[in-house]
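# Tertiary structure, described
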Amino acid sequence: MEILEAIEKRRSIRKFIDKEISKEDVLDILNCGRFAPSAKNRQPWIFVVASSEVKEKISKLMINYGNSEDYALKCIKFNCNQSVVFTGNVIDKGDVLVLILREKDDNWLLADTLSIGACVENMCLRATELGIGSLFISDIVTVSSEVLDLINFKDMELSCALLLGYPNQDPKMRPRNDLKNIVKWL
C-alpha cells in the first residue's frame, strides 16, 4: 500500500472483530510511531501497552466517570455530549490499548503535544497498511490521574491513547473542508 492510499483509507474504527493482533504487529506499529518527527528531537513519547485486565479497568473508569454527576454538570456548563461513556465502551471492544505518556514539562507542552500527534498519526497509518483498525482517543484524559495511578506512572502525563483491533466496519470518509476554503496564498 502506498502512503497516499493509507492516508485516504485511514478511518477511526469503533467496531472490531474478536481477533488478536500479534505482538510483532503491535511492535511494528509502535516502531513507526517512534520514527515520527518531534520538536528539537525530544521524542517525548512513552508507550504503555495495557493488558486486557488494565484495558478493562480503564474502560470502566471512563464509563463510571461519564455517568457521574460531576461529568453531567460539566456537560451542562460546556455543552458537551456523553462521548466519555461511548469511548469507554469502545475501548472494551478493541484488542490493544496503547497509552501514550510524556514527562510533565509545561515548557514543552505545545511542542510535545504536536510531536505526539505526529507519532500517533504514523501509528494509525501503519496500522491501516497492516489491515488493522485504529482509534485515536483523547477522552481518556478525563480520567488521567486514575489511569496513571492504575499503571503506576504517577510522575508522567497521559497525553492520549490509541486503540487497535481488526475492524468490523468500513466507514465512509467523513466530510472534509474543501482545499480552496482552507488554503490562503499570500
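The coordinates are above.
Residues numbered from 1 in each chain as written. Predicted model: local features only at pLDDT ≥ 70, side-chain atom pairs only at ≥ 80, totals over all residues. Heavy atoms only, no water.

### Things to note about the overall build of the protein
Formally: Runs of H or I in DSSP of at least four residues are treated as helices and runs of E of at least two as strands, each being numbered from the N terminus. Every radius of gyration here is taken over C-alpha atoms, with the globule rule written as 2.2 Å times N^0.38, N being the number of residues. When a residue's accessible area, from a 1.4 Å probe over protein chains only, is under 20% of the maximum for its type it is buried; when over 50% it is exposed; and in between it is partly exposed.
In terms of helices and strands, the protein carries eight helices and four strands. Secondary structure elements of the protein, listed N to C terminal, follow the sequence α-α-β-α-α-α-β-α-β-α-β-α. The C-alpha atoms of the protein give 17 Å as radius of gyration, which agrees with the globular expectation for 186 residues (16 Å, within 12%). With the C-alpha coordinates of the protein rotated into their principal frame, the extents come out at 45 × 45 × 35 Å. Counting the 186 residues in the protein, one finds 38% classified as buried.

### Brief notes about the packing of aromatic side chains
Condition: The rule is short: rings of Phe, Tyr and Trp, with Trp giving its six-membered ring, pair when the centres are within 6.5 Å, and they are stacked under 30 degrees, edge-to-face over 60, tilted in between. Two limits define a charge over a ring: the Lys NZ or Arg CZ must be within 6 Å of the ring centre, and within 35 degrees of the ring normal.
Under the counting rule described, the total for this entry stands at zero aromatic pairs. The aromatic ring of Tyr-166 is capped on one face by Lys-19, whose charged end is 4.3 Å from the ring centroid. Its end group placed over the ring of Phe-35, Arg-34 keeps NZ or CZ at 4.5 Å from the ring centre.

### Some points on the nonpolar core
Stated precisely, the cut-off is as follows: Among the buried residues, those of types Ala, Val, Leu, Ile, Met, Phe, Trp, Tyr and Cys that are joined through side-chain atoms within 4.5 Å form a nonpolar core. Working rule for contacts: check all heavy atoms of both residues, and any pair within 4.5 Å makes them a contact.
Formed by 27 residues in total, the largest nonpolar core has its most connected members in Ile-58, Leu-97, Leu-99, Leu-101, Ile-137 and Ile-140. Breaking this core down by element, the ones donating at least two residues are β1 (46-50), α3 (52-66), α4 (69-78), α5 (83-93), β2 (96-103), β3 (133-137), α7 (144-151) and β4 (156-165). Residues in contact with Ile-58, not counting those within four places in the same chain, are Ile-91, Leu-97, Leu-99, Ile-140, Val-147 and Leu-150. Among the nonpolar cores identified, the runner-up in size contains 20 residues, and Val-26, Ile-29, Ile-116 and Ala-127 belong to it.

### Observations concerning the packing of α3 against α7
Convention followed: Helix axes are fitted only over the stretch in contact, all axes being lines through C-alpha atoms; the angle between N-to-C directions runs from 0 to 180 degrees. Roughly parallel refers to an angle under 35 degrees, roughly antiparallel to one over 145, roughly perpendicular to one between 65 and 115, and oblique to any angle outside these ranges. By convention, the crossing between two helices is left-handed when the near helix turns anticlockwise from the far helix through less than a right angle, and right-handed when the turn is clockwise. Under this grouping Gly is polar, as are all residues other than the nonpolar Ala, Val, Leu, Ile, Met, Phe, Trp, Tyr, Cys and Pro and the charged Asp, Glu, Lys and Arg.
Axis separation between α3 and α7 bottoms out at 10 Å; the angle between their running directions is 160 degrees. As far as their axial angle goes, α7 and α3 are roughly antiparallel. Of the two possible hands of crossing, α3 and α7 adopt the one that is right-handed. Together, Val-54, Lys-57, Ile-58 and Leu-61 of α3 and Glu-146, Val-147, Leu-150 and Ile-151 of α7 make up the contact between the two elements. Split into classes, the residues belonging to the contact of α3 with α7 amount to six nonpolar, no polar and two charged.

### Description of the pairing of β2
Inclusion rule: DSSP-based pairing: two strands are paired if at least 2 bridges between them are found.
Among the eight residues in β2, seven count as buried, and that is most of the element. As paired strands, β1 and β2 are joined by five bridges and run antiparallel to one another. Following the sheet pairing, Ile-46 is matched in β2 by Leu-101. Bridge analysis of β2 against β4 gives eight bridges, and the strand direction is antiparallel.

### Description of the pairing of β4
β4 sits mainly inside the fold: eight of its 10 residues count as buried. For β3 and β4, the ladder comprises five bridges, and the chain directions are antiparallel. Note on β4: the bridge partner recorded for Phe-136 is Leu-162.

### A word on a nonpolar patch on the surface
Short version of the rule: The residues that make up patches have over 30% relative accessible area and no salt bridge, and they are joined within 9 Å when like-charged or within 5 Å when they are Val, Leu, Ile, Met, Phe, Trp or Tyr. Computed with the Shrake-Rupley method and a 1.4 Å probe, the accessible areas treat only the protein chains shown as cover for residues. Just to be clear on terms, a salt bridge is a Lys or Arg side-chain nitrogen sitting within 4 Å of an Asp or Glu carboxyl oxygen.
Among the surface-exposed residues, Leu-179, Ile-182, Val-183 and Trp-185 lie close enough to one another that they form a single nonpolar patch of about 500 Å² accessible area. Checked against the element boundaries, Leu-179 lands in helix α8 (residues 179-182).

### Let's talk about unusual backbone geometry
A positive phi is found at Asn-41, a non-glycine position, where the angle reads about 55 degrees. Note on placement: Asn-41 falls in the loop between α2 (23-34) and β1. With relative accessibility at 54%, the residue Asn-41 sits in the exposed group. Backbone geometry at Gln-43 places phi at a positive 45 degrees, although glycine is not the residue there. Within the secondary structure layout, Gln-43 lies in the loop between α2 and β1.

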